[in-house]
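Structure assessment
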Amino acid sequence: MLSMQNKLITLLSILFLISGCDSSSTVTIYTAKSIITMDADQPRSTAVAVLKDKIIAVGNLQQVQTATQEYNSKVDRSFSDKIIMPGFIEPHLHPSIAGLLLPMEFITPHDWNLPGKTAKGVKTHADYIQRLTKHEANLNQDDWLWSWGYHDLFHGEISRELLDSISSTRPIIIWHRSFHEIYVNTAAIEELGLEDSGNPQIDFEKGHFFENGLFLEAMDKIGPVLLSPLRYLGALKHATKIIHAGGITTVSDGAFGGADFDKEFTAIKFSAWNRDSTPFRFNILPDGKGLAKNRSHAETLEFINSVQDRGTNKVTILPKQVKLFGDGAAYSQLMQMSEGYIDDHHGEWLMTPDQLEEAVRVYWQADYQIHIHINGDLGLDKTLDIVKKMQQEYPRQDHRLTIHHFAYARPEQAQLMADLGVLVQANPYYVWALANKYSQYGLGAERAANMVPLKSVVDANIPLAFHSDFTMAPAQPLLLAWAAITRLTAEGNVMGEQHKISVHEAMEAITIDAAFQMQMEDRIGSIKVGKQADFTILEDDPYKVDAITIKDIKIWGTVFEGTKAPIEPYHKGFLDI
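Okay, so let's go over this structure.

Procedures and definitions
Residues numbered from 1 in each chain as written. Predicted model: local features only at pLDDT ≥ 70, side-chain atom pairs only at ≥ 80, totals over all residues. Heavy atoms only, no water. Helix = DSSP H or I, 4+ residues; strand = E, 2+ residues; numbered from the N terminus. Rg over C-alpha atoms; globule rule 2.2 N^0.38 Å. Buried < 20%, exposed > 50% of the residue type's maximum accessible area, 1.4 Å probe, protein only. Contact = heavy atoms within 4.5 Å. Areas by Shrake-Rupley, 256 points an atom, 1.4 Å probe, with all protein chains shown as cover. Lys, Arg positive; Asp, Glu negative; His and termini not counted. Charge placed at Lys NZ, Arg CZ, Asp CG, Glu CD. 1 Å grid on protein atoms, 1.4 Å probe; cavity = no way out; pocket = protein on both sides within 12 Å on 5 of 7 lines; lining within 4 Å. Points joined across faces, edges and corners; volume = space filled by probe spheres on them. Nonpolar A, V, L, I, M, F, W, Y, C, P; charged D, E, K, R; others polar. Core = buried A, V, L, I, M, F, W, Y, C linked by side-chain atoms within 4.5 Å. Salt bridge = Lys/Arg side-chain N within 4 Å of Asp/Glu carboxyl O. Patch = residues over 30% accessible without salt bridge, like charges linked within 9 Å, V, L, I, M, F, W, Y side chains within 5 Å.

Considerations on the overall build of the protein chain
What the protein chain contains, in helices and strands, is 21 helices and 25 strands. A compact globule built from 577 residues should have a C-alpha radius of gyration of about 25 Å, and the protein chain, at 24 Å, falls within 12% of that. Across its three principal directions, the C-alpha atoms of the protein chain cover 75 × 60 × 50 Å. Considering the protein chain as a whole, with its 577 residues, one finds that 60% of them fall into the buried category. Taking the contacts inside the protein chain whose residues are at least 6 apart along the sequence as the reference set, 74% of them involve residues at least 24 apart. A total of about 22500 Å² of accessible surface is found on the protein chain, and carbon and sulfur atoms cover 49% of it. Each charge class in the protein chain was averaged separately, 52 positive and 72 negative side chains, and the resulting centres sit 7 Å apart.

Some points on unusual backbone geometry
Looking along the chain, the bond that leaves Phe-470 and enters Thr-471 is cis, with omega of 15°. Relative to the helices and strands, Thr-471 resides in the loop between strand 22 (464-466) and helix 19 (477-486). Within the chain, Phe-179 stands out as a residue other than glycine whose phi angle is a positive 70°. On the secondary structure map, Phe-179 appears in the loop between strand 11 (172-176) and strand 12 (181-184). Take Phe-179: its relative accessible area is 8%, and that puts it in the buried class.

Describing the layout of surface pockets
What the largest pocket holds in volume is close to 1100 Å³. Ser-96, Met-219, Gly-257, Gly-258 and Glu-264 are, among the 45 residues lining the largest pocket, the residues nearest its centre. The class makeup of the residues in the lining of the largest pocket is 23 nonpolar, 13 polar and nine charged.

Focus: the nonpolar core
With 140 residues, the main nonpolar core has Trp-175, Trp-273, Phe-406, Met-417, Leu-464 and Phe-466 as its most contacted residues. The residues contacting Met-417, other than those within four sequence positions of it, are Leu-380, Leu-384, Ile-403, Phe-406, Val-422, Val-424 and Ile-462.

Concerning the pattern of salt bridges
When their charged atoms lie close together, side chains carrying opposite charge are able to pair. Taken as a whole, this structure holds 25 salt bridges when the rule is applied. Note that Asp-53 and Lys-54 form a salt bridge whose closest N and O atoms lie 3.7 Å from each other. The class for Lys-54 is partly exposed, based on a relative accessible area of 27%. In this structure, a network of salt bridges that share partners links the residues Glu-357, Arg-361, Lys-389 and Glu-393.

Remarks on the environment of Ala-359
Looking at where Ala-359 falls in the secondary structure, it is placed in helix 13 (residues 353-364). A residue is classified by how much of its surface remains accessible, and Ala-359, at 0% relative accessible area, is buried. In sequence terms Ala-359 and His-297 are 62 residues apart; their C-alpha atoms lie 6.0 Å from each other.

With respect to a negative patch on the surface
A cluster of acidic side chains, namely Glu-161, Asp-196, Asp-203 and Glu-205, defines a negative patch on the protein surface. Mapped onto the elements of the fold, Asp-196 is located in the loop between helix 7 (186-192) and strand 13 (202-203).

Have a look at this one:
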């Protein structure tokens, strides 16, 4: 029950909000079995009133009708047996990855069941090669073979020589499960004009391009082949269905633009992501590393400032925010670990600590919010050292510097992050997909059990958000929440019981805390007067079902900016872009 004080505050907020509105506008009052608001002042309600795209009242039906009695209103009972939550937020999902990978053949360690895309996982070298060879045999003569999902710890070693044995004439490009590596055959090397530049992140003899060897060298040759308009725009249309099926109403890219911001922005502008009918908004987080490929960081800052107003009604460039990179990918076991790896391989840097510090200083002193890709505890050590130095040089209060991914950290690092005002945006799916395998290879049992240590984060009162980094995990916020709550692995055992978090903490991570990390908490993330009318409609209450079933809760659809959007079966049409 609302206190009298809260009722008065709510009523005054409503009157202030609607005082300038045309009273002939129709207010829609949605009723539900329960409305989980994610607003601490009013955690639950059963009715919410929407005027155009804004929430104007929250409470029980009588309270909401009283608050909106000056207006024409209708009661919509479509959700009377359902649960309404704030629209789920996906704060790190790359359209470029979706556009590149979705049309590829998925041959992955684990099953994929997406709207319009299913694939059975394979876990041995023999099964992987059999699937790859079968796919090659089914291609047309002039087709290239593109496949995503290979992982050496599940599928064994591959090489240029092995791929040549599958076809010496057809270009073959195998994209690693991490997205940070590719393997290519000789025909692909020749067709793409790839060269051995001496970059240590290229093994040319093996046909292996990884981290900067891929992103700063090979991608320039591969991109034009993969990014043909019909292929890319069709994949983005497919991705809209996947995003909507996850109950997502707000998406942010994890690093947009690479070295060619204009080209990627044009693609988004003409894609399904920028249509009025698409039931989510898209936020651009500029890639400060990629954009600095041919510029200084100062010039990159100037460029990002110059494009701040380029957005559309569906696509927004996040104001004064930028993405930078530290160590390598978790799926590749190329994160930088303070105690190294048990098999003596080593991690990689996407930006060395000195390079990262140089870039951070430019954006820090420009009062930007900085997002940094960090996976290992050594990468986190170096990053926190940089933050301490920045605070000494140019103290800032609400800087919201955010660590993305957070595959492994030591317990004491959480309190240091809290002391420095550093936030965490994690991918808890790493535990499900990787922890058992990493306990055998690379990390060992103790560190594998401590992957993605989220309890230390919430105990330190650090705002925590989850992301899929699709396709690093399915674009399903409830699945990510489930992974963090249960810490179950693909093999069915629990890894790191002590790192489990509560249902409420997980729900905050896909709603209000995700909004906070994008500086959008005043607009989205909770069901509260004055915010956008973005709702995710669930068939069951995640707080009341057995936690192990949270990932299986059915999603009816969403309400986006006041408009209902039920999930519909996926249909792929000809030239469906």
